[in-house]
Amino acid sequence: MTSYTTSKIFVVGGTGAQGLPVIRALVADKKYAVRVLSRDAASRRAKALLALGNVEIIEGTFADETTLRAGLRGCDGAYINIDGFNTGEKTEMYWAIRSYEIAIEAGIKFFVYGNLDYALKKAGYDSKFRAGHYDGKGRIGEWILFQNEANKERMGAAVFTTGPYMEMAIAAMTPMTPSIEDGVVTWRVPLGKGAVPHVALEDCGYYARWLFDHPERANGMNLEVAIEQVGYHDLAAAFERVTGHPAQYIDTELEAYWSGPLKMAANLPAGYNADLNDKSTMTFRDNFSGFWNIWKQEVVRRDYALLDEIHPHRIKSVEQWLRREDQLGRELGKGSLWERLQPENMSRQPPLLKLAEDQRRGRL
Ligand SMILES: NC(=O)c1ccc[n+]([C@@H]2O[C@H](COP(=O)([O-])OP(=O)(O)OC[C@H]3O[C@@H](n4cnc5c(N)ncnc54)[C@H](OP(=O)(O)O)[C@@H]3O)[C@@H](O)[C@H]2O)c1
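Procedures and definitions
- Residues numbered from 1 in each chain as written.
- Predicted model: local features only at pLDDT ≥ 70, side-chain atom pairs only at ≥ 80, totals over all residues.
- Pairing = 2+ DSSP bridges.
- Helix = DSSP H or I, 4+ residues; strand = E, 2+ residues; numbered from the N terminus.
- Axes fitted to C-alpha atoms, helices over the stretch in contact; angles between N-to-C directions.
- Contact = placed C-beta atoms within 7 Å.
- Near = placed C-beta within 6 Å.
- Nonpolar A, V, L, I, M, F, W, Y, C, P; charged D, E, K, R; others polar.
- Domains from an automatic or database assignment.
- Buried ≥ 20, exposed ≤ 12 C-beta atoms within 10 Å, placed from the backbone.

Overview of the sheet that holds strand E1 (residues 8-12)
The strand order across the open sheet formed by seven strands is E3-E2-E1-E4-E5-E6-E10, and the pairing between neighbours is parallel. Every other strand in the sheet has two partners, leaving strand E3 (55-59) and strand E10 (222-224) as the edge strands with one partner each. Across this sheet, the average inter-strand angle for adjacent strands is 20 degrees, counted without regard to direction. Relative to strand E2 (residues 33-38), E1 runs parallel, the two sharing five bridges. Bridged to Val12 within E2 is Leu37. The strands touched by helix H1 (residues 19-27) are E1, E2, E3 and strand E4 (77-80); relative to E2, the strand with the most contacts, the crossing angle is about 160 degrees. This element, helix H3 (residues 65-72), spans E1, E2, E3 and E4 of the sheet and lies at about 165 degrees to E2.

Below, the structure written as structure tokens:
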């Protein structure tokens, strides 16, 4: 019988919003050591990871086979989250495929792919629902599970499908950043009566760890996670209950949404190193219009009973998430949630996404 037991995990995307809680969960009790790939070993986030212990950093890019081989050498597990907002959809797919292939070659025992829903397929191939950063991952997630049918004795593989981080709804520089309008926290997004299956980053750490801890069951699995389907009227109501301050959701037509704070970004490529002269490259506007259409029509659903079984103490509602976030923020000296959303405080907090911290600059 093949052993899928791992002790040293090669992580791509470890300094990112998703990678940080995943690595914290892996090294918390020192059961696992991780080797993190980063283009900048001297960054604030890379240093914070090193301080956890059981973490080493290897400098380089995933868009280089030599680096991927060096990163995988001596590891027996891999957690691969290829950043499509750097590469764009087409290049992301290539390096995700190569990561899987090279991992097998390198003798990795268990491979976890950081995935997003293949939303275009789930929506019946209607291009109104095309978001390159979803389909670029989702196609490869399916491809990995297909390859795994033949390869599963040699290398186990699981697909870990997340979704928009709940944290994005209270962070600066995201598609759902709120504003304060006449003293009311306001989300103006093109969601209609739909709902977003937001995920809690902290729970992503738990789930990723679970996949490595239970490789026999996880082998061949597509673990699709979320807190719940979050309608934004519910988000605003929960915010009011938790903070005692007014909040609202204003359904916004796509046209108006793209005339708002994201106007400057609308015609940029969704992946900052993708080439707009390449006809396959989606602009921000095209990409995130498809993204909102996915949630508006609730194309994506989750099996919440399965998630309750795997993670009985998972965060199960947006209100629970907001309460916890409010409490954590106070404990960390960041102030209450209400205080954190005030413009002067928003601009002072380090961005949630590394991409925003680096101002969408960085090499492929
Ligand atoms: N935002 C969301 O709600 C969300 C939800 C689920 C999934 N995702 C997906 O997650 C991916 C981004 O990860 P994130 O959300 O954690 O964003 P993030 O905070 O911006 O982090 C990006 C990560 O990718 C790494 N990276 C970028 N280019 C690299 C390269 N060429 N070589 C090696 N590492 C590279 C960065 O490492 P260094 O800068 O240290 O090199 C960093 O760790 C995207 O594909 C996105 O679609 C996003």
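Let's talk about the site of the ligand
Taken together, the neighbourhood of the ligand is formed by 32 residues, with Gly16, Ser38, Arg39, Asp83 and Leu355 sitting nearest. Broken down by secondary-structure element, the contributors of at least two residues to the shell around the ligand are E2, helix H4 (84-87) and helix H17 (354-357). Here the residues of the shell around the ligand are counted per class, giving 13 nonpolar, 15 polar and four charged. Both domains that meet at the shell around the ligand, namely domain 1 (8-163 + 199-224) and domain 2 (166-195 + 228-300 + 317-357), each give it at least three residues.

Digging into the pairing of strand E5 (residues 110-115)
Of all six residues that make up E5, six are buried, and the element is covered over most of its length. On E5, burial covers both faces: Phe110, Val112 and Gly114 on one face and Phe111, Tyr113 and Asn115 on the other are all buried. In this structure, E4 lies alongside E5, joined through four bridges in parallel fashion. Looking across to E5, one finds that Tyr79 is bridged to Val112. Direction of pairing for E5 relative to strand E6 (residues 156-161): parallel, over a ladder of six bridges. Paired with Tyr113 across the two strands is Val159, which belongs to E6.

Keep in mind these values describe shape, not function.
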